[in-house]
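# A look at the structure
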Amino acid sequence: MTPSSPSLIQGYEVVIGFETHAQLLTRSKIFSRAATAFGAEPNTQACAVDLALPGTLPVMNRQAVECAIRLGLALGARIAPRSVFARKNYFYPDLPKGYQISQFELPVVLGGEVGFFMEGGQRKAVRLVRAHLEEDAGKSLHEGMPGGQTGIDLNRAGTPLLEIVTEPDMRSSAEAVAYARALHQIVMWIGICDGNMQEGSFRCDANVSVRQPGAPLGTRREIKNLNSFRFMQQAIDYEIRWQIAELQEGRAIEQATVLFDPGTGETRAMRSKEDSADYRYFPDPDLPPLVIEPEWVERVRAAMPELPQHMAARFVRDWGLPEYDAAQLTQSPQMAAYFEQAAQASGQAKLASNWVMGEVSRRLNAEGIGIEAAKVGSAQLATLLARIASGAISNAAARQVFDALWADGQEAKQDVDAVIAAKGLQQMNDAGALEQIVDEVIAANPDNVAQFKAGKDKAFNALVGQVMKASNGRANPQQVNALLKARISA
């Protein structure tokens, strides 16, 4: 898919590409048996291979390769039958070897795309260039060190990463964040990364440039290590404004690596940006080419879960949901399972979709919890939806029931019907009683009746509201509408 039509900012087109480092869920490092668990004491999970001691040799982690295959299959990419590891040479204190083992000319995954929906329901897709395996570097520690010194923690050195590189297909910070969220969802869904941005398991670098429409690509600046979606959007928006201001002042943009400071909301240059020639890549003589046989790919394919895009298509086909709803409900396996359980038990797929995307998600977001911790279970929600569909309770009453269920928590497992009865929320089924209320409301509101007859719909809504109030919210809104119109026209 080609890049979306650009929305210009002060006459400039924004161009964004991403490089994302996904830390792979392996028990040991990519070339050694050292552990990868987060939070260990500094330098307690670094072995001789990670420390680059003389005489040590790297050995490829098979599980890391399988993670790469899973990603390639999930994104419709090509799995290279033969890929090569290279040495990426640069000096930094937390890189003991003086080079990083990565892949350059022949990566393990080629092409593919990440599809997603924007907030308004428009579908977008970002093309991928490649995804390659590499080892992580260590970590420099500055805070809390005595005498202003810098400490080096090599626990992270050698941790397996997949670097996922896009084409420059994004044209706004909103598109960039939507892409990052979609990729984040995929790597967690297929079980290759825990997605913890605060711990550095999913790190995004955004390459941002601006240009006049139709002009060649502008000079890009790379914003490093964006560790939250909120900061990602803030950083990109600031960088766009900064670059446009520089160009309007007649200054050229210089290629650079920049960091985002959440405290000031600004980006600041860290160093000039290197090109691939600066790293002096060459094939690593200690590692043979990585050969992936077709049979290995098929074994991995057979063990893959149902992918979110395939599940979303099934929700559209089997449950009759709009594409946007289906995409939202497949943000995680847990949410998809919750929806499907509620839809199957209630027989009300669209109603279940509306409630999961609405009331349930609103509560989850307000409390900062996942759907696996929802205080109303899918079975309880299904019963509630069935009562709405049967006309036993109104939507307004259902929200009251939901509030009571959520307040008590799933452990209480309150019976939905018991809550309805205790709160007296059963919808009024006595036609005679409802007719009496309607007649009383019409008699008490002659002005609204006259205004409705004159064509003012707001006056009719006011009459409906009066009937609902008089019935304590128990009247069926559809019956109220029909009966009011019949009585007034008579």
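To be clear, the structure that these remarks concern was listed above.
As a starting point, this report considers the structure included with it. (Residues numbered from 1 in each chain as written. Predicted model: local features only at pLDDT ≥ 70, side-chain atom pairs only at ≥ 80, totals over all residues. Heavy atoms only, no water.)

### Structural notes on the packing of aromatic side chains
- This model, assessed by the stated rule, comprises 11 aromatic pairs.
- Note on Phe 231 and Phe 260: the rings are 6.1 Å apart at their centroids and 50 degrees apart in plane angle, and the pair reads as tilted. Of this pair, Phe 231 sits in helix H3 (residues 229–248) while Phe 260 sits in strand E14 (residues 256–261); the two residues are 29 residues apart in sequence, bridging distant segments of the chain.
- Ring geometry for Phe 402 versus Trp 406: centroids 5.7 Å apart, planes at 35 degrees, classification tilted. Highlighted residues: Phe 402 and Trp 406, both in helix H10 (residues 395–408), separated by four residues, approximately one helical turn. The same class applies to Phe 402 and to Trp 406, which are both buried.
- An aromatic cluster is built from Tyr 90, Phe 104, Tyr 279 and Tyr 281, whose rings are joined through pairwise contacts.
- Over the ring of Tyr 279 we find Lys 88, and its NZ or CZ is 4.4 Å from the ring centre. (Phe/Tyr/Trp six-rings, centres within 6.5 Å; stacked < 30°, edge-to-face > 60°. Helix = DSSP H or I, 4+ residues; strand = E, 2+ residues; numbered from the N terminus. Buried < 20%, exposed > 50% of the residue type's maximum accessible area, 1.4 Å probe, protein only. Lys NZ or Arg CZ within 6 Å of the ring centre and 35° of its normal.)

### With respect to the packing of helix H8 (residues 349–367) against H10
- Here H8 crosses H10 at 35 degrees, and the two axes come no closer than 13 Å. Judged by the twist between their axes, the crossing of H8 over H10 is right-handed. Taken together, the residues of H10 that come into contact with H8 (itself represented by Trp 355, Glu 359, Val 360, Arg 363, Leu 364 and Glu 367) are Asn 395, Ala 398, Arg 399, Phe 402, Asp 403 and Trp 406.
- In the contact of H8 with H10, the residues fall into six nonpolar, one polar and five charged. (Axes fitted to C-alpha atoms, helices over the stretch in contact; angles between N-to-C directions. Left-handed = near helix turned anticlockwise from the far one by under 90°. Contact = heavy atoms within 4.5 Å. Nonpolar A, V, L, I, M, F, W, Y, C, P; charged D, E, K, R; others polar.)

### Side note on H3
- Its 20 residues place the ends of H3 29 Å apart at the C-alpha level, agreeing with the 28 Å of an ideal helix rising 1.5 Å per residue.
- By the burial criterion, the buried members of H3 are Phe 229, Phe 231, Met 232, Ala 235, Ile 236, Tyr 238, Glu 239, Ile 240, Gln 243, Ile 244 and Glu 246.
- Elements that come into contact with the buried residues of H3 comprise strand E1 (13–23), helix H2 (173–189), strand E12 (202–211), strand E13 (221–226), E14 and strand E15 (266–272).
- Looking one or two residues past H3, Gly 250 carries a phi angle of roughly 85 degrees, positive in sign. (Expected span 1.5 Å × (residues − 1).)

### Structural notes on the packing of helix H1 (residues 62–74) against helix H4 (residues 294–302)
- The contact between H1 and H4 brings their axes to 10 Å, and the two run at 70 degrees. Comparing the axis directions of H1 and H4 gives the class roughly perpendicular. Between H1 and H4, the contacting residues are Arg 62, Val 65, Glu 66, Ile 69, Arg 70 and Leu 73 on the first element and Trp 296, Val 297, Arg 299, Val 300 and Arg 301 on the second.
- The class makeup of the residues in the contact of H1 with H4 is six nonpolar, no polar and five charged. (Parallel < 35°, antiparallel > 145°, perpendicular 65-115°, else oblique.)

### Concerning the pairing of E14
- Here E13 pairs with E14 via three bridges, running parallel. Each residue of the ladder has a partner; that of Ile 223, found in E14, is Val 258.
- The parallel pair E13 and E14, bridged by H3, forms a crossover whose chirality is left-handed.
- Bridge count between E14 and E15: six bridges; the pairing is antiparallel. (Pairing = 2+ DSSP bridges. Right-handed = clockwise from strand over helix to strand, strands pointing away.)

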